[in-house]
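Take a look at the letters that make up each chain.
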Amino acid sequence: MTLLAEKPPTQKAKPASVRGGLLDPQQLWRSLPDAVRKLDPRTLWHNPVMLIVEVGAVFTTVLSITDPSVLAWTITVWLWLTVVFANLAEAVAEGRGKAQASALRAAKQDTMAQLRDGGLIPATELKQGDVVVVVAGEIIPGDGDVIEGIASVDESAITGESAPVIRESGGDRSAVTGGTKVLSDRIVVKITQKPGESFVDRMIALVEGANRQKTPNEIALNILLAALTLVFLLSVVTLQPLAIFSKAWQAAAPDTAAIDAHGVTGIVLVSLIVCLIPTTIGALLSAIGIAGMDRLVQRNVLAMSGRAVEAAGDVNTLLLDKTGTITLGNRQAAEFVPVNGVDPRELAVAAQLSSLADETPEGRSIVVLAKNEFGLREQEPGFMTGATFVPFTAQTRMSGVDLGDRQIRKGAAAAVMRWAKSSSEEVGEIVDGISASGGTPLVVAENDRVLGVIHLKDVVKEGMRARFDEMRKMGIRTVMITGDNPRTAKAIADEAGVDDFLAEATPEDKLAYIRKEQEGGRLVAMTGDGTNDAPALAQADVGVAMNTGTSAAKEAGNMVDLDSDPTKLIEIVEIGKQLLITRGALTTFSITNDIAKYFAIIPAMFAAVYPGLDTLNVMRLHSPGSAILSAVIFNALVIVALIPLALRGVRYTPSSASALLRRNLWIYGLGGVIAPFLGIKLIDLLVQFIPGI
Amino acid sequence: MAGWLFVISLVVALVAVYRPFGDYMYRVVSGTRDARVERGIYRLVGVDSKAQQTWGVYARSVLAFSAVSILFLYLFLRVQNRLWLSLGMPQMNTHVSWNTAVSFVTNTNWQAYAGESALGHLVQMAGLAVQNFASASVGIAVAVALIRGFAARSNGQLGNFWVDLTRVTLRILLPICVVATLVFMIAGMVQNLSGGTDVTTLTGAAQHITGGPVASQEAIKELGTNGGGFYNVNAAHPFENPTTWTNWLEIFLLLLIPFSLPRVFGRMVGQNRQGYAIVAVMAVLAIASIALTVGFEVHGGGTVPQAVGSAMEGKEVRFGIPNSATYAAATTLTSTGAVDSFHDSYTPFGGMMPIVNMMLGEVAPGGTGSGLYGLLILATITVFVAGLMVGRTPEYLGKKIGAREMKLASLYFLVTPALVLIGTAAAFATGNNATALNVGPHGLSEVLYAFTSAANNNGSAFGGITVNTPWWDTALGLAMLLGRFLPLVLVLALAGSLARQKATPESEGTLPTHQPLFVGMVVGVTVVLVALTFLPALALGPIAEGLS
């Protein structure tokens, strides 16, 4: 009955409201210098779409200098702005990470490490295997495991959680993180990090996106975008001989800003290319990726790679620990079962009295049940004079109260029966029945009379069933992992609504289960904290280690949850999906945008040669110049307009794939067709007043 | 009214044969037993019919077979004057021989020569017709290999090219062609080895009436979506297409295999509904295209058609406008390229439709095999975008569409537009477009048509330009060669990459690829991508002409 001895867990405050990504206009302004710095072609190299725009802008700049006109210069300016806006998106996304990184750096002060074998060296020179001593008030100099002692540690620098945590040698709470502060006592820590690769160092690198690598889906999408860019480049470049031929045929047609005997002018060709290639998604792609990682960081989850975030969206099977994730950490009283014709109320009174001094969650839940079912008022222990409370010990395995000659005890069945020197078949049956259903029986006796049994059971957290239903809709199977026997496990699994369970699970069982799922082509996510979870965490496609866990677990997983909240796995999956959806939606939007741009630019280019083509000018744009300029301006502005969406991510509600596709296709597909018609027309209404357009 | 009946009866007939004929083809390509004749062939060429090939081996086999075919056909054309049944025809010159050899091996059947005045019967039968069978079989084999890639469970094997080639030829193409030939002969097509008859007509003029194995050539020409006619005027010639109902039968034959292959796809991946989805995409595009072509022709825009009341120029009176327009759409929606009327004489928008059909990549339903694999590539690109939008790494039939798959699909998608656009621009830039008849937007359409037809392995011609010059023969030959074999190797590489993957089991979170929404999206992607690529060029050709 260790459960009666456990300290109640402190209920963690939810991380302060998640800033989804409301864009502060100030932020845009602050990131502008960075955006301009990113115009360097060596930086743009990784983004072929925007590189083409930049090359085009350089080309039109040269043309504007050699053959200046209002149209040429206006278009040139907007082409440069297009590149700057794209850089701005990336810079803003990175800027948010940088703010977090500087907060972390502040925590990483210059500390000195006191080696156990004597000697004082700077923390930066610590090697793996060094053993250091840290006493109250000192900063822990590096990541490691406590090998001696126990201490309370303030980890707020990393987790943002102000309540101190206990770190002790041995067991699953031995890991300490460099940069955190020991508040009491003295611990001896064996350093496990390599120099310069501490947890905080990695966190800084991650949030800054310093060595951000493209994720598999991002690479694939980049290939598609490059192909589209290439095909549009081809279709515009090969247009030139055809344009020259057509202009020669209609020799009487007047020269315009768009076309003359040498074919389509360079400015207009570049404008056409820039409008057609997928600049919108090309500009926002890396911002989407950075913002996705950022959203995880805001939920206090550190993903060691973007690949892991993407894999989270693909997860088919979720392994969840029962205790703390699916059920509340502790069992609660659910029912009073009297025996031998005892009045249920009498049992409840006895149970309540015996529990008044019992501060465990189980004990308190008995008091609550007595109040709810029989209206028994909660009494402060102090009100009862002459009462002696008997605390729980591992030897007696029961607790209770002595009120004069009344002695009330509750506890493990065998212990209480022995104490009461009674044996009752009825009690035995009830106890067995409760055990079989997955509950824990507590027998209550007064003096030598057994009154009845309290049924303690696991309580499934509120809302879990609905969440699992959501998961099922998303196509994710949930599997409950528990050390309970199969019958108990099944009872709880049924109640919680998970799809499967793994009972009496050993770490080897977990690993085998993950392997079996992966054999079938499924991706598996799990959480874990203990050292014996490490192999499974490493094997899982998404392994979320709890920050309270051991260093081995944190090394093995590909994410760390600083709040150590196992239910967060569900949110991580949603963030992974949201990341991909945002990319897909903006790609669709970007491609469908081109339809309207054609209706603006093709008549603008060729209506002078073939007047019939003016029929295609469905937006009735003012002039060829204003039409082309409007398309270019729209193309640039839509990037800025979509930066908030890229940072926040497309709204995601868990639902089936068909429902998601239908919704996103309507909004971003149809929206992508319609929006530019309106936008270009509106811009045209304004730019037509510019003299010379 | 008769026009509608013509189209509707075609649809009904194709729907009726979809299951039985598709199932038959499925049994042919996935059966394990070899017929006695086939065993003999395998022994002769030294093939182990049970050996499986990886994509590399499969691709090398296809390329080797095709290279030998081109070489053989080239030599055949160069020495035909010394062979039996040459009818006294001279040898074909080098550039036309190269062009013709490539053309027939690539299932294009672009003809830079006039059949009845350039070729003898032997080269028609043993040279061209053999390639009509072989090139059709190669297309089907590659499509089947791609399907095996989707269906495979991580073993990387794509079947055996030599077995596929032999079985498709012997068990699918040959029997149908025998029956079709007999039917065509009953309808009045010529089938003999005569050199022709000289007669004096009623008015006293001397006329040469040709003879030859027309009916048998005609059967495989349509069934294999080849399109190379015995006569220069192709199926407009009364000996190649005597009546309205042979016209119907020819269209049916050229649509038969491409429209039934999705059934094979559905059967092989174990989900018939996936086949229905693919055939639905084909049908939507095809019916829309036919309706538009017929509509444009029947309502005949343009000065002359308005004046005379109908757009009959270039069309045979025995077929009429709707049936001719249906033929034009069908022949360009597939990779056939046979014609029973002259696309050059169509109204501007009516003439644009065949170009657009080919620009779609000939996927609705496309050539034998090539239509299916082309559409599956477009479906893969759609799956990628749609898959992202449902928040998962995109997967098609359980196979993940990752960087490698996207690279291959994107390259496939790039090849034909690149060939068409570069070829067209090159013709104008080098002045090879210039002939007397070749002016204005219509002249531009003629050049655009030629390269679109060659790069997509269609083989039909708008006409109007002289293309049997060395420049045109070489340029179009290259377009045909690259337009066939680059995509084909990319498809096999994709198949290999898919075949090595484990399949992800389907769940609620998987993008469903059999529902109307997905069908609509593939249609949308196909049309939008093509429109976006070719619209500028089309604007200066048929659109400028039509809107003037």
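This is a predicted model, so every value here is computed, not measured.

## Some words on the overall build of chain B
Across its full length, chain B holds 18 helices and four strands. In summary, chain B has a C-alpha radius of gyration of 23 Å against a globular reference of 24 Å for 548 residues, a match within 12%. Put simply, chain B has 548 residues, and 64% of those count as buried. In chain B, once contacts between residues fewer than 6 apart in sequence are set aside, the share between residues at least 24 apart is 78%. A total accessible area of about 18,200 Å² is found for chain B, and carbon and sulfur atoms account for 67% of it.

## Digging into a negative patch on the surface
All names here are of chain A. Residues Glu425, Glu426, Glu429 and Asp432 make up a contiguous surface patch of negative charge. Turning to its location among the elements, Glu426 is positioned in helix α15 (residues 425–436). For Glu426, a relative accessible area of 35% corresponds to the partly exposed category.

## Digging into the packing of aromatic side chains
Residue and element names in this part refer to chain B. All chains considered together, the criterion is met by 21 aromatic pairs over all chains. Each ring, one from Tyr396 and one from Phe518, has its centre 6.4 Å from the other, and the planes form 45 degrees; the classification is tilted. Of this pair, Tyr396 sits in strand β3 (residues 395–396) while Phe518 sits in helix α18 (residues 516–546); the two residues are 122 residues apart in sequence, bridging distant segments of the chain. An angle of 75 degrees between the planes, with centres 6.3 Å apart, marks the rings of Phe451 and Trp471 as edge-to-face. With Phe451 in helix α16 (residues 440–455) and Trp471 in helix α17 (residues 470–499), this pair connects stretches of sequence that are 20 residues apart. Trp471 gets classed as partly exposed once you look at its relative accessible area, which sits at 26%. Each residue in the set Tyr58, Phe65, Phe161 and Trp162 is aromatic and connected to the rest through ring pairs, giving one cluster. The lysine or arginine in question, Lys315, covers the ring of Tyr346, its NZ or CZ lying 4.2 Å from the ring centre.

## A short note on the packing of helix α9 (residues 266–276) of chain A against helix α22 (residues 624–648) of chain A
All names here are of chain A. Put simply, α9 and α22 touch, their axes get as near as 10 Å, and they point 35 degrees apart. By crossing handedness, the relation of α9 to α22 is classed as left-handed. Between α9 and α22, the contacting residues are Val268, Ser271, Val274 and Cys275 on the first element and Ile628, Ala631, Val632 and Asn635 on the second.

## A few points about the interface of chain A and chain B
Accessible area lost during the coming together of the parts is what is often quoted as the interface size. The partner chain B presents 59 residues to the 61 residues of chain A that form the contact. Roughly 5,100 Å² is buried in total at the junction of chain A and chain B, and carbon and sulfur atoms are behind 77% of that figure. The three residues of chain A that bury the most area against chain B are A:Leu242, A:Phe245 and A:Leu661, which together make up 13% of that side's buried surface. Taken together, the links from chain A to chain B amount to zero salt bridges. Linking chain A with chain B are eleven residue pairs in polar contact (both at pLDDT 80 or more), by the criterion used here. Looking at the side of chain A that touches chain B, the elements with two or more residues in it are α7 (216–237), α8 (239–249), α11 (306–314), α16 (464–473), α18 (507–519), α21 (568–606) and α23 (657–687) of chain A. For the side of chain A that touches chain B, the per-class residue count stands at 35 nonpolar, 17 polar and nine charged.

## Focus on the environment of A:Leu224
Take A:Leu224: it is sitting in helix α7. Looking at A:Leu224, the relative accessible area reads 5%, which means it is buried. The spatial distance from the C-alpha of A:Leu224 to the C-alpha of A:Val132 is 53 Å, given a sequence separation of 92 residues. The residues touching A:Leu224, leaving out its near neighbours within four places in the chain, are B:Ile381, B:Phe384, B:Val385, B:Met406 and B:Ser410.

## Concerning the domain arrangement of chain B
Residues and elements named next belong to chain B. Partitioning chain B into domains gives domain 1 (2–268) and domain 2 (367–547). Listed by partner, the interface residues are 48 residues for domain 1 and 48 residues for domain 2. Regarding the contact of domain 1 and domain 2, the summed buried area is about 3,800 Å², with carbon and sulfur atoms giving 75% of it. In this structure, the connection of domain 1 to domain 2 is made through twelve residue pairs in polar contact (both at pLDDT 80 or more). Broken down by secondary-structure element, the contributors of at least two residues to the side of domain 1 that touches domain 2 are α3 (55–78), α4 (94–105), α6 (121–151) and α9 (244–268). Its residues assigned to classes, the side of domain 1 that touches domain 2 shows 29 nonpolar, 18 polar and one charged.

## Digging into the UniProt feature "binding site: Mg(2+)" (unreviewed entry) in chain A
Residue and element names in this part refer to chain A. Per the UniProt record, the feature "binding site: Mg(2+)" (unreviewed entry) sits at Asp529 and Asp533. Inspection of the secondary structure assignment puts Asp529 in the loop between β22 (524–528) and α19 (534–539). On the basis of relative accessibility, which here comes to 30%, the residue Asp529 falls in the partly exposed class. Mapped onto the secondary structure, Asp533 falls in the loop between β22 and α19. With a relative accessible area of 7%, Asp533 lands in the buried category. Residues within four places of Asp533 in sequence aside, it is in contact with Lys510 and Gly528. Here Lys510 takes part through its side chain, which lies 3.0 Å from a polar atom of the side chain of Asp533.

## Details of the sheet that holds strand β8 (residues 181–182) of chain A
Residues and elements named next belong to chain A. Taken together, the three strands give an open sheet; going across it, the order is β6-β5-β8, and neighbouring strands pair in antiparallel fashion. Looking along the sheet, the strands with just one partner apiece sit at the ends: β6 (165–168) and β8. As paired elements, strand β5 (residues 150–154) and β8 share two bridges and run antiparallel to each other. By the bridge assignment for β8, Val153 is matched with Val182.

## Points about unusual backbone geometry
Cis rather than trans, the peptide bond between B:Ala364 and B:Pro365 has omega equal to 0 degrees. Phi is positive for A:Asn340, close to 50 degrees, though the residue is something other than glycine. By the secondary structure assignment, A:Asn340 is in the loop between β14 (332–338) and α12 (344–355). Even without being a glycine, B:Asn107 presents a positive backbone phi close to 65 degrees. Within the secondary structure, B:Asn107 is located in the loop between α4 and α5 (115–118).

## Observations concerning the layout of surface pockets
In this approach the atoms are scanned with a rolling probe the size of a water molecule, which exposes any empty space left behind. By volume, the second largest pocket amounts to about 710 Å³. Residue lining of the second largest pocket: 28 residues in total, with B:Met352, B:Val356, B:Val527, B:Ala531 and B:Leu535 positioned closest to the centre. Listing elements by their share of the lining of the second largest pocket, those giving two or more residues are α21 of chain A together with α10 (272–298), α13 (348–359) and α18 of chain B. Examining the composition of the lining of the second largest pocket, we find that nine residues originate from one element, α18(B), more than from any other. Of the residues in the lining of the second largest pocket, the class split is 26 nonpolar, two polar and no charged.

## As for the pairing of strand β1 (residues 112–115) of chain A
Residues and elements named next belong to chain A. Of the two faces of β1, only the one carrying Ala113 and Leu115 is buried; Met112 and Gln114 on the other face are not. In the sheet, β1 pairs with strand β2 (residues 120–122) via three bridges, with the strands oriented antiparallel. Bridge pairing in β2 places Met112 opposite Pro122. Note: β1 against strand β3 (residues 131–135), two bridges, orientation antiparallel. In the sheet register, Leu115 faces β3, and the bridge partner there is Val132.

Each value, and the rule that gives it
- Residues numbered from 1 in each chain as written.
- Chains lettered and ligands numbered in written order.
- Predicted model: local features only at pLDDT ≥ 70, side-chain atom pairs only at ≥ 80, totals over all residues.
- Heavy atoms only, no water.
- Helix = DSSP H or I, 4+ residues; strand = E, 2+ residues; numbered from the N terminus.
- Rg over C-alpha atoms; globule rule 2.2 N^0.38 Å.
- Buried < 20%, exposed > 50% of the residue type's maximum accessible area, 1.4 Å probe, protein only.
- Contact = heavy atoms within 4.5 Å.
- Areas by Shrake-Rupley, 256 points an atom, 1.4 Å probe, with all protein chains shown as cover.
- Patch = residues over 30% accessible without salt bridge, like charges linked within 9 Å, V, L, I, M, F, W, Y side chains within 5 Å.
- Salt bridge = Lys/Arg side-chain N within 4 Å of Asp/Glu carboxyl O.
- Lys, Arg positive; Asp, Glu negative; His and termini not counted.
- Charge placed at Lys NZ, Arg CZ, Asp CG, Glu CD.
- Phe/Tyr/Trp six-rings, centres within 6.5 Å; stacked < 30°, edge-to-face > 60°.
- Lys NZ or Arg CZ within 6 Å of the ring centre and 35° of its normal.
- Axes fitted to C-alpha atoms, helices over the stretch in contact; angles between N-to-C directions.
- Left-handed = near helix turned anticlockwise from the far one by under 90°.
- Buried area = accessible area lost by both parts, 1.4 Å probe.
- Polar contact = N/O pair within 3.5 Å; in protein donor to acceptor, adjacent residues only side chain to side chain.
- Nonpolar A, V, L, I, M, F, W, Y, C, P; charged D, E, K, R; others polar.
- Domains from an automatic or database assignment.
- UniProt positions renumbered as here; feature names shortened; annotations may be inferred.
- Pairing = 2+ DSSP bridges.
- 1 Å grid on protein atoms, 1.4 Å probe; cavity = no way out; pocket = protein on both sides within 12 Å on 5 of 7 lines; lining within 4 Å.
- Points joined across faces, edges and corners; volume = space filled by probe spheres on them.

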